[in-house]
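What follows is the residue order along each chain.
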Amino acid sequence: MNSSAHVASYSDPVEIPASILRRNNMWDALLRNATRTAALTVLVLLGGVIASLVQGSVPAIKAFGFGFLTSSSWNPVTEKFGALPAIYGTLVTSIIAMVIGVPVSLGIAVFITELCPPRLKRPISTAIELLAGVPSIIYGIWGLFVLAPFLQEHVQPILIALFGHVPLFNMIFAGPPYGIGVLTAGVILSVMVLPYITSVSRDVFETVPTVLKESAYGLGCTTWEVVRNIVLPYARTGVVGGVMLGLGRALGETMAVTFVIGNAHKIASSILAPGTTISASIANEFTEAEGDLYSSALIELGLILFVITFVVLACARMMLARVEARSGSRV
Amino acid sequence: MIDQLRYHRRRAVNGVVMGLAGAAAVSGLLILGIILGTLLYEGFSGLSLRVFTESTPTAGSPGGLLNAIYGSVLMTILGTALGAPIGILAGTYMAEYGRNTRLTMTVRFINDILLSAPSIVIGMFINVVVVYRMHHFSAWAGGIALAFLVLPVVVRTTEDMLLLVPNTLREAASAIGSPRWLVILNVSYRAARAGMITGVLLAVARITGETAPLLFTALNNQFMSTNMNAPMANLPVVIYNFANSPYPDLHQLAWTAALLITFTVLALNISARSLATSRFKES
């Protein structure tokens, strides 16, 4: 008897005072709405950025129309502006960065996942990722005082001597070795994109099922054959996503490029010559831009840059999302 | 015989490619070493007490970086104070209330893009929205621009860390009658705390060295200023201006400033990492 009374007292419904319930409901609603508003803020901010850039570039769009994209004059005195040299410089520096950066990044990723002794995996990965932590202004000052003189004295003369008489190549590697220029900017960018491409590639390489790799090794494949025939095909989408991520970074990178590109609004066939990029033009000229049309032209440049990087990054994210869906972990 | 040849060829190819991969890894590490080495070599000699007690000089006169250090610290704090709370709330919504809703999916996608969006465009945006309206550059504008860069980092890490908290913990708390808000505050946040702090630290590390958004917002100030409504000196823009000047003594200060920034940022990065890994080992 005694024990059943005991049980009954446990199953008695406990009266929770209505005031406490009300208070809990209030706090719940408050937190839910506060967090929801914060999430919406992220969307509003992006919308705000795009809207203000579009609004700011209206005078330039009205004045130059589509000609802005194809004109290569940049003259603040006569107020004639064209984006072509800046767009060209942005693309060429990014391409150079990818040509150098992608193979090196993949090499590092292969080294970390396939060759590296397990004890060194973490330290090496961390060290490479620290390259992403170094602020871009540091790459800039280092590029200006260390890399540019080095390229000028030791690399560019060799390139000129080597390719000076080869048709086509003698246009790309023409002219005196300035040190600062498109090539130097591309080299700096290639170092800056290394950590991004490497860490994404390493992560997707590690999603390759061990069974697949072991089967290939069991058939007598060498490490390289396993990487080429098993790892790379399996990780293709993720690697391309990582490369696009790095490309997005390279396209928008500002300070490092501004230091070493030379800031000349012209299109030269030689990658040793000075040039400019969208972000470098903005960084150099925006605070000093006299007149509405000049500022507006720079804002339109910013809008173009934003649209290009948005598209590239969106592609990168969609590819990486496909990898995530397959492996179940977020890259 | 042919098999032998083929075997040797395959081994040779493998050796070459793996050698290249190793060389790539070595060159990556080498570059990090060279950059840090240059910073130490060039910056260390300029490090003296004067750096921390005097304001930035004009060419030819002695001076330090006090005003720039003050401005950088102040605007970093301002940016974090503005950006981190919104980021944590947004991340909380995505992981707790609105998991898998369409809003969450959209915000996640947009946030990942903002994470790598060019920071110079953010500077331009703040210039158009804040500086242009106020008619002058200000530390406020600089702080707001930095908050824009803090936000996506914090949103992403908060969401990721909260998603790692096992649902059974939440269910257990709900089963003993906790309302949702108490579950989030007492269970989810507590379990994900180390990861969320890591995210904020990473965000601080990111904005500590940011230059591009400050060029058009806080600008620079040669003198010590505590006025939030006026242009304010900061280390990155000082580096930019001094490195582009033709004077060796200003170059020296630029290197010293670069040394200070880099090692602050790397220290933040490493402590954020060790915090995250110590947490992993625990669970």
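Residues numbered from 1 in each chain as written. Chains lettered and ligands numbered in written order. Predicted model: local features only at pLDDT ≥ 70, side-chain atom pairs only at ≥ 80, totals over all residues. Heavy atoms only, no water.

Quick look at the overall build of chain A
Then, in step 1: The secondary structure content of chain A amounts to 13 helices and 2 strands.
Then, in step 2: Whereas a compact globule of 331 residues would reach a radius of gyration of roughly 20 Å, chain A reaches 27 Å, over 25% beyond that.
Then, in step 3: Contacts in chain A between residues far apart in sequence, at least 24 positions, make up 74% of those at least 6 positions apart.
Then, in step 4: Of the roughly 15100 Å² of accessible surface on chain A, 66% is carried by carbon and sulfur atoms.
Then, in step 5: Positive and negative side-chain charges of chain A, numbering 19 and 18 respectively, have mean locations separated by a distance of 7 Å. (Helix = DSSP H or I, 4+ residues; strand = E, 2+ residues; numbered from the N terminus. Rg over C-alpha atoms; globule rule 2.2 N^0.38 Å. Contact = heavy atoms within 4.5 Å. Areas by Shrake-Rupley, 256 points an atom, 1.4 Å probe, with all protein chains shown as cover. Lys, Arg positive; Asp, Glu negative; His and termini not counted. Charge placed at Lys NZ, Arg CZ, Asp CG, Glu CD.)

Observations concerning the domain arrangement of chain B
Residue and element names in this part refer to chain B.
Then, in step 1: Assigned domains within chain B: domain 1 (2-45) and domain 2 (51-282).
Then, in step 2: Computed from C-alpha atoms alone, the centre-to-centre distance between domain 1 and domain 2 is 34 Å.
Then, in step 3: On the domain 2 side, the residues contacting the 8 residues of domain 1 number 8 residues.
Then, in step 4: Buried area between domain 1 and domain 2, both sides added, is near 700 Å², and the carbon and sulfur share of it is 78%.
Then, in step 5: When the buried area of domain 1 at its contact with domain 2 is split by residue, Leu 39, Glu 42 and Gly 43 rank highest and sum to 61% of it.
Then, in step 6: Linking domain 1 to domain 2 there are 0 salt bridges.
Then, in step 7: Its residues assigned to classes, the side of domain 1 that touches domain 2 shows 4 nonpolar, 3 polar and 1 charged. (Domains from an automatic or database assignment. Buried area = accessible area lost by both parts, 1.4 Å probe. Salt bridge = Lys/Arg side-chain N within 4 Å of Asp/Glu carboxyl O. Nonpolar A, V, L, I, M, F, W, Y, C, P; charged D, E, K, R; others polar.)

Considerations on helix α2 (residues 18-64) of chain A
Then, in step 1: Taking 1.5 Å of rise per residue, the 47 residues of α2(A) would be expected to cover 69 Å, and the 67 Å separating its terminal C-alpha atoms lies within 8% of that figure.
Then, in step 2: Two residues or fewer after α2(A) comes Gly65(A), characterised by a positive phi angle close to 60°. (Expected span 1.5 Å × (residues − 1).)

Side note on the interface of chain B and chain A
By a widely used convention, the size of an interface equals the accessible area lost when the partners come together.
Then, in step 1: Counting residues at the interface gives 80 residues for chain B, matched by 80 residues for chain A.
Then, in step 2: In this assembly, chain B packs against chain A so that about 7100 Å² is buried in total across both faces, 78% of it on carbon and sulfur atoms.
Then, in step 3: For the chain B face of the interface with chain A, the top three residues by lost area are Tyr97(B), Met124(B) and Trp181(B), together amounting to 9%.
Then, in step 4: For Arg10(B), the salt bridge goes to Glu225(A), with nearest N and O atoms at 2.7 Å.

Some thoughts on the pattern of salt bridges
Then, in step 1: Under the counting rule described, the total for this entry stands at 13 salt bridges over all chains.
Then, in step 2: Notably, a salt bridge pairs Arg50(B) with Glu54(B), separated by 3.3 Å at the nearest N-O pair.
Then, in step 3: The exposure class of Glu54(B) is partly exposed, given its relative accessible area of 30%.
Then, in step 4: Through salt bridges with shared partners, one network takes in Glu129(A), Arg202(A), Asp203(A) and Arg273(B). (Buried < 20%, exposed > 50% of the residue type's maximum accessible area, 1.4 Å probe, protein only.)

Considering the packing of helix α6 (residues 136-163) of chain A against helix α10 (residues 235-243) of chain B
Then, in step 1: Contact geometry of α6(A) with α10(B) gives a least axis separation of 10 Å together with a crossing angle of 15°. As summarised for this structure, α6(A) and α10(B) are arranged roughly parallel, according to the angle between their axes. The handedness of the crossing between α6(A) and α10(B) comes out as left-handed. Residues Ile137(A), Ile141(A), Leu144(A) and Phe145(A) of α6(A) touch α10(B), and the partners they reach there are Pro236(B), Ile239(B), Tyr240(B) and Ala243(B). (Axes fitted to C-alpha atoms, helices over the stretch in contact; angles between N-to-C directions. Parallel < 35°, antiparallel > 145°, perpendicular 65-115°, else oblique. Left-handed = near helix turned anticlockwise from the far one by under 90°.)

Overview of the nonpolar core
Then, in step 1: The biggest cluster of nonpolar side chains holds 174 residues, and the ones touching the most others in it are Tyr139(A) and Leu301(A).
Then, in step 2: The element best represented in this core is helix α8 (residues 182-205) of chain A, accounting for 13 residues.
Then, in step 3: In this structure, this core is formed jointly by two domains, domain 1 (2-45) and domain 2 (51-282) of chain B, each of which donates at least three residues.
Then, in step 4: Not counting residues within four places of it along the chain, the set of residues in contact with Tyr139(A) comprises Leu131(A), Val134(A), Ile188(A), Val191(A), Met192(A), Ala256(A) and Ile35(B). (Core = buried A, V, L, I, M, F, W, Y, C linked by side-chain atoms within 4.5 Å.)

Considering the packing of aromatic side chains
Residues and elements named next belong to chain A.
Then, in step 1: Following the criterion strictly, the structure yields 13 aromatic pairs over all chains and no others.
Then, in step 2: Judged by centre distance (4.9 Å) and plane angle (20°), the rings of Phe 163 and Phe 173 are stacked. Taken together, the residues span a long stretch of sequence, with Phe 163 in helix α6 and Phe 173 in the loop between α7 (169-172) and α8 at a distance of 10 residues.
Then, in step 3: Residue classification places Phe 173 among the buried positions, given a relative accessible area of 12%.
Then, in step 4: Put simply, the rings of Phe 64, Phe 68, Trp 74, Phe 81 and Tyr 294 pair up and form one aromatic cluster. (Phe/Tyr/Trp six-rings, centres within 6.5 Å; stacked < 30°, edge-to-face > 60°.)

Here's the deal with the packing of α2(A) against helix α3 (residues 66-97) of chain B
Then, in step 1: Viewed as axis vectors pointing N to C, α2(A) and α3(B) meet at an angle of 110°, and their least axial separation amounts to 7 Å. On the basis of the axis angle, α2(A) is roughly perpendicular to α3(B). Of α3(B), the residues touching α2(A) (which contributes Asp28(A), Leu31(A), Arg32(A), Ala34(A), Thr35(A), Arg36(A), Ala38(A), Ala39(A), Thr41(A) and Val42(A)) are Ile86(B), Leu89(B), Ala90(B), Thr92(B), Tyr93(B) and Tyr97(B).
Then, in step 2: Here the contact of α2(A) with α3(B) is built from residues that sort into 10 nonpolar, 3 polar and 3 charged.

Remarks on the confidence of the model for chain A
Then, in step 1: Chain-level pLDDT for chain A is 89 on average; 95% of the residues reach the 70-or-more range.
Then, in step 2: A low-confidence stretch, residues 1-8 of chain A (pLDDT under 50), is modelled with 0 contacts involving residues beyond four sequence positions or located in other chains. (pLDDT = per-residue confidence, 0-100.)

What about the environment of Ile126(B)?
Residue and element names in this part refer to chain B.
Then, in step 1: Counting through the fold element by element, Ile 126 comes out in helix α5 (residues 119-134).
Then, in step 2: For Ile 126, a relative accessible area of 2% gives the class buried.
Then, in step 3: Each residue touching Ile 126, except ones within four places of it in the same chain, is listed here: Val 131, Ala 141, Ile 144, Ala 145, Phe 148 and Thr 217.

Comments concerning α6(A)
Then, in step 1: With 28 residues, α6(A) ought to run about 40 Å at 1.5 Å a step, yet its terminal C-alpha atoms sit only 32 Å apart, falling short of that.
Then, in step 2: Along α6(A), the helix axis deviates most sharply at Gly143(A), where the bend reaches about 50°. (Bend = angle between axes of the 7 residues up to and from the residue.)

Examining unusual backbone geometry
All names here are of chain A.
Then, in step 1: Even without a glycine there, the phi angle at Glu 79 is positive, about 55°.
Then, in step 2: One can find Glu 79 in the loop between β1 (74-75) and β2 (80-81).
Then, in step 3: We note that Asn 263 has phi near 50°; this positive angle belongs to a residue other than glycine.
Then, in step 4: As for its position among the elements, Asn 263 is in the loop between α11 (255-260) and α12 (278-285).

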